[in-house]
Amino acid sequence: MEQQTRRGMLGGAMKAAVTAFAGVMAVGRGEAQTAPRTAAAAKRDATAKPGTPAPATPLPFTAVVGYGNLLFVAGTGCRVPGTIEEATKWVLDEIEKNLVAAGSSLEKVLKVEVCLLNMGEFDRMNTVYKTRNWGKVFPARNTVQVAALPAGDYHLAIECVAYV
């Protein structure tokens, strides 16, 4: 029974993702959307992060960009020295603040990308990651080890796609 419930939830999430993708493709081709949308919702728009300081480096990116009912959260890293557990907690706190400011939450995250400097820290990062409220099922996730991250002293960077 649990397997059927998971399939149902995953099927619903997959249907939502396919519908969103079809909407993005239709907009890209200049076609009308099947679901009613406002002109503002159809535009790509930078979402503000109230109370969060600008990045320390003037990199050319926006922290959160909305498109229709999707939110794309840029890779967020932690410059504060400490353990991988502390860095993971800080990064997920920042992502959650951005999602809430944009009208979403961790429960509405569809996909996560984790970049680790050291794959040996995967289990410790994952211990913190799985304590968050991701909803009834964890989002799809990819975790990779990278040779370096832009600031040089990050343990990890996490990005995600969510819906509003």
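Calculation criteria
Residue numbers restart at each chain and count upward from 1, following the sequence in its written direction. With pLDDT at 70 or above as the cut-off, local features in this predicted model cover only qualifying residues; side-chain atom pairs require 80 or more to be listed or tallied, and sums for whole chains, interfaces and linings still use all residues. Water and hydrogen atoms were dropped before computing side-chain values, which therefore reflect all heavy atoms in the structure. For this document, the term salt bridge refers to a Lys or Arg side-chain nitrogen within 4 Å of an Asp or Glu carboxyl oxygen. Secondary structure follows DSSP: runs of H or I at least 4 residues long count as helices, runs of E at least 2 residues long count as strands, and numbering of each begins at the N terminus. A simple rule labels every residue: compare its accessible area, found with a 1.4 Å probe on the protein chains alone, to the largest value its type can have, and call it buried under 20%, exposed over 50%, or partly exposed in between. Aromatic contacts are taken between Phe, Tyr and Trp rings whose centres are within 6.5 Å, Trp giving its six-membered ring; a plane angle under 30 degrees counts as stacked, one over 60 as edge-to-face, and the others as tilted. Charges are assigned to positions over rings by a cutoff of 6 Å between ring centre and Lys NZ or Arg CZ, combined with an angular limit of 35 degrees from the ring normal. Take the residue count of a helix, subtract one, and multiply by 1.5 Å to get its expected span. The arc refers to the directions leading from the helix axis to the C-beta atoms. Whether two residues touch is decided by their heavy atoms; if any such pair falls within 4.5 Å, the residues are in contact. Whether two strands pair comes down to DSSP finding at least two bridges between them. Buried residues of nine kinds, namely Ala, Val, Leu, Ile, Met, Phe, Trp, Tyr and Cys, make up a nonpolar core once their side-chain atoms join them within 4.5 Å. As a per-residue measure, pLDDT reflects the predictor's confidence and takes values from 0 up to 100.

Visitor: Any chance you could explain the pattern of salt bridges here in plain terms?
Guide: Proximity of charged atoms lets side chains of opposite charge pair with each other. Here the structure, examined in full by the defined rule, presents six salt bridges. A salt bridge links E85 to R124; its shortest N-O distance comes to 2.9 Å. With a gap of 39 residues between them, E85 in helix α3 (residues 84-101) and R124 in helix α4 (residues 122-129) connect regions that are remote in the sequence. Look at E85 and you get partly exposed, because its relative accessible area is 27%. Assessed through its relative accessible area of 35%, R124 is described here as partly exposed. The shortest N-O distance in the salt bridge between K97 and E94 comes to 3.1 Å. Of this pair, K97 and E94 both sit in helix α3, separated by three residues, roughly a single helical turn. On the basis of relative accessibility, which here comes to 49%, the residue K97 falls in the partly exposed class.

Visitor: I would appreciate a short explanation of the packing of aromatic side chains in the present structure.
Guide: The description of two aromatic rings rests on the distance between their centres and on the angle between their planes. Tallied over the entire structure, the rule returns two aromatic pairs. Arranged with centres 6.4 Å apart and planes meeting at 25°, the rings of Y129 and F138 form a pair that is stacked. Judged by relative accessible area, which is 49%, F138 ranks as partly exposed. In textbook terms, an aromatic cluster arises when at least three aromatic residues are bridged by ring pairs, as seen for Y129, W134 and F138. Here the guanidinium or amino end of R141 rests over the ring plane of Y129, the centre of that ring lying 4.3 Å away.

Visitor: What should I look at first to understand α3 in this one?
Guide: Because an α-helix packs 3.6 residues into every turn, residues spaced three or four apart end up facing the same way. Over its 18 residues, α3 runs 26 Å from end to end, which matches the ideal 26 Å to within 8%, given 1.5 Å per residue. Listed in full, the buried residues belonging to α3 are I84, A87, T88, V91, L92, E94, I95, N98 and L99. Down the axis of α3, the smallest arc covering the buried residues is 155°, so these residues share one side. Where α3 is buried, its residues contact β2 (64-67), β3 (70-77), β4 (109-116), α4 and β6 (156-163). The first or second residue beyond α3 is G103, which carries a positive phi of 90°.

Visitor: Mind showing me how you'd approach the pairing of β6 here?
Guide: Consecutive side chains along a regular strand alternate between the two faces of the sheet. Where β3 lies against β6, six bridges are found, and the strand directions are antiparallel. Opposite F72, over in β6, you have V161 as the bridge partner. Two elements, β4 and β6, share seven bridges in a ladder whose sense is antiparallel. Bridge assignment links C115 to a residue of β6, and that residue is A157.

Visitor: Honestly, the nonpolar core in this entry has me stumped. Any pointers?
Guide: One recurring pattern in soluble globular proteins: nonpolar side chains tend to sit buried together. Counting 24 residues, the largest nonpolar core has I95, L99, V109, V112, L156 and I158 as its most contacted members. For this core, the secondary structure elements donating two or more residues are β3, α3, β4, α4 and β6. For L99, the residues in contact, after removing those within four places along its chain, are L71, V73, S104, S105, L106, V109, C160 and A162.

Visitor: Please clarify how the confidence of the model for the protein should be interpreted in this entry.
Guide: Any residue range with low pLDDT should be treated as having predicted coordinates unsuitable for detailed reading. Mean pLDDT for the protein: 75, with 63% of residues reaching 70 or above. Note on residues 1-43: pLDDT under 50 across the span, and 20 contacts to partners over four residues away in sequence or across chains. Here residues 48-54 scores under 50 on pLDDT; set against residues more than four positions off or in separate chains, the count is five contacts.

Visitor: Looking at this structure, I do not really get the pairing of β3. What am I missing?
Guide: Strand direction decides the pairing type here: β2 and β3, joined by four bridges, are antiparallel. Residue pairing across strands places G66 opposite L71, the latter belonging to β3. The hairpin turn running from β2 into β3, its antiparallel successor, is two residues long, and G68 in that turn takes a positive phi close to 60°.

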